[in-house]
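Structural overview
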Amino acid sequence: DGGITQSPKYLFRKEGQNVTLSCEQNLNHDAMYWYRQDPGQGLRLIYYSQIVNDFQKGDIAEGYSVSREKKESFPLTVTSAQKNPTAFYLCASSPGLAGINNEQFFGPGTRLTVL
Amino acid sequence: GQQLNQSPQSMFIQEGEDVSMNCTSSSIFNTWLWYKQDPGEGPVLLIALYKAGELTSNGRLTAQFGITRKDSFLNISASIPSDVGIYFCAGRVQGAQKLVFGQGTRLTINP
């Protein structure tokens, strides 16, 4: 089945440790995105990538890093520089970046808890 | 950054009732989207709108792209228990690459 997978579903880390969240899609989509969701709030964009080996900062990129070495993969690293990393992280993909029928489809999310 | 005002923030209704929620923006959008999120899951796209005045249905759901291009509405008719969740609007300004999301409407249904 085509879709977006994120792993793991739940992740616990100690404060000061870097952690990498996985996102894989087999939809052949060019664009991929990472969002952060906090309770009672909408989704905030961390990073996005239009094509392989290219990515752009979103609205809250500080303390995060990404790579896009393969079309189907867009891992997110939460670094120790992120002041409040505990959150629900959502990965999304779309055929392109904008325009009709280029809408974003989301993965199931990873809940990160930093102890 | 751009803001979307989504209201109401929460709704408590009886099963079978109709539901209405909306989003407004200070900017003119060329795309409006409505998503539903179940607890602990990713949002699922319900309806996409691309033209001012457009009215689109998906089963018991109906969404409209406001004629001013600054608002959108989602209606759910004859609510059922599986409609429970958080509904998000999202919009895109013409030429922009990023979506802007509303803060969500949490729908609770009393059986």
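Residues numbered from 1 in each chain as written. Chains lettered and ligands numbered in written order. Predicted model: local features only at pLDDT ≥ 70, side-chain atom pairs only at ≥ 80, totals over all residues. Heavy atoms only, no water.

This next bit is on the pairing of strand β5 (residues 44-49) of chain B. Residue and element names in this part refer to chain B. Pairing between strand β4 (residues 29-37) and β5: five bridges, direction antiparallel. Within the sheet, the bridge partner assigned to Trp-34 lies in β5 and is Ile-47. Between β4 and β5, which follow one another and run antiparallel, lie six residues, and Gly-40 among them has a positive phi close to 75°. (Pairing = 2+ DSSP bridges. Helix = DSSP H or I, 4+ residues; strand = E, 2+ residues; numbered from the N terminus.)

The next subject is the interface of chain B and chain A. In this complex, chain B contributes 20 residues to the contact, which on the side of chain A involves 25 residues. Contact between chain B and chain A buries roughly 1,800 Å² in total, counting both sides, with carbon and sulfur atoms accounting for 54%. By the criterion of area lost to chain A, the three top residues of chain B are Tyr-50, Gln-97 and Lys-98 of chain B, representing 31% of everything that side buries. Where chain B meets chain A, there are three salt bridges. Joining chain B to chain A, the criterion identifies six residue pairs in polar contact (both at pLDDT 80 or more). Mapped by element, the contributors of at least two residues to the side of chain B that touches chain A are β4, β5 and β9 (85-93) of chain B. Classifying every residue of the side of chain B that touches chain A gives ten nonpolar, seven polar and three charged. (Contact = heavy atoms within 4.5 Å. Buried area = accessible area lost by both parts, 1.4 Å probe. Salt bridge = Lys/Arg side-chain N within 4 Å of Asp/Glu carboxyl O. Polar contact = N/O pair within 3.5 Å; in protein donor to acceptor, adjacent residues only side chain to side chain. Nonpolar A, V, L, I, M, F, W, Y, C, P; charged D, E, K, R; others polar.)

This paragraph deals with the side chain of Arg-92 of chain B. Relative to the helices and strands, Arg-92 of chain B resides in strand β9. For Arg-92 of chain B, a relative accessible area of 1% puts it in the buried group. Looking at Arg-92 of chain B, its side chain comes within polar contact range of the side chain of Glu-103 of chain A, at 3.5 Å. (Buried < 20%, exposed > 50% of the residue type's maximum accessible area, 1.4 Å probe, protein only.)

For the rest of this paragraph, the subject is the packing of aromatic side chains. Inspection of the entire model under this criterion finds ten aromatic pairs over all chains. With a centroid separation of 5.4 Å and 80° between ring planes, the pair formed by Tyr-35 of chain A and Phe-101 of chain B is classed as edge-to-face. With one member in each of two chains, Tyr-35 of chain A in strand β4 (residues 31-37) and Phe-101 of chain B in strand β10 (residues 100-101) form a pair that bridges those chains. A relative accessible area of 9% places Phe-101 of chain B in the buried class. A centroid spacing of 5.9 Å and a plane angle of 65° characterise the contact between Tyr-64 of chain A and Tyr-89 of chain A, whose relative ring orientation is edge-to-face. Linking Tyr-64 of chain A in strand β7 (residues 64-66) with Tyr-89 of chain A in strand β9 (residues 87-94), this pair joins segments that are 25 residues apart in sequence. A single burial state applies to Tyr-64 of chain A and to Tyr-89 of chain A, both of which are buried. Aromatic rings pair up to connect Tyr-33, Tyr-35, Tyr-48 and Phe-106 of chain A together with Tyr-35 and Phe-101 of chain B into one cluster. For the cation-ring pair, Arg-68 of chain A lies above Phe-74 of chain A, with the distance from its terminal atom to the ring centre recorded as 6.0 Å. (Phe/Tyr/Trp six-rings, centres within 6.5 Å; stacked < 30°, edge-to-face > 60°. Lys NZ or Arg CZ within 6 Å of the ring centre and 35° of its normal.)

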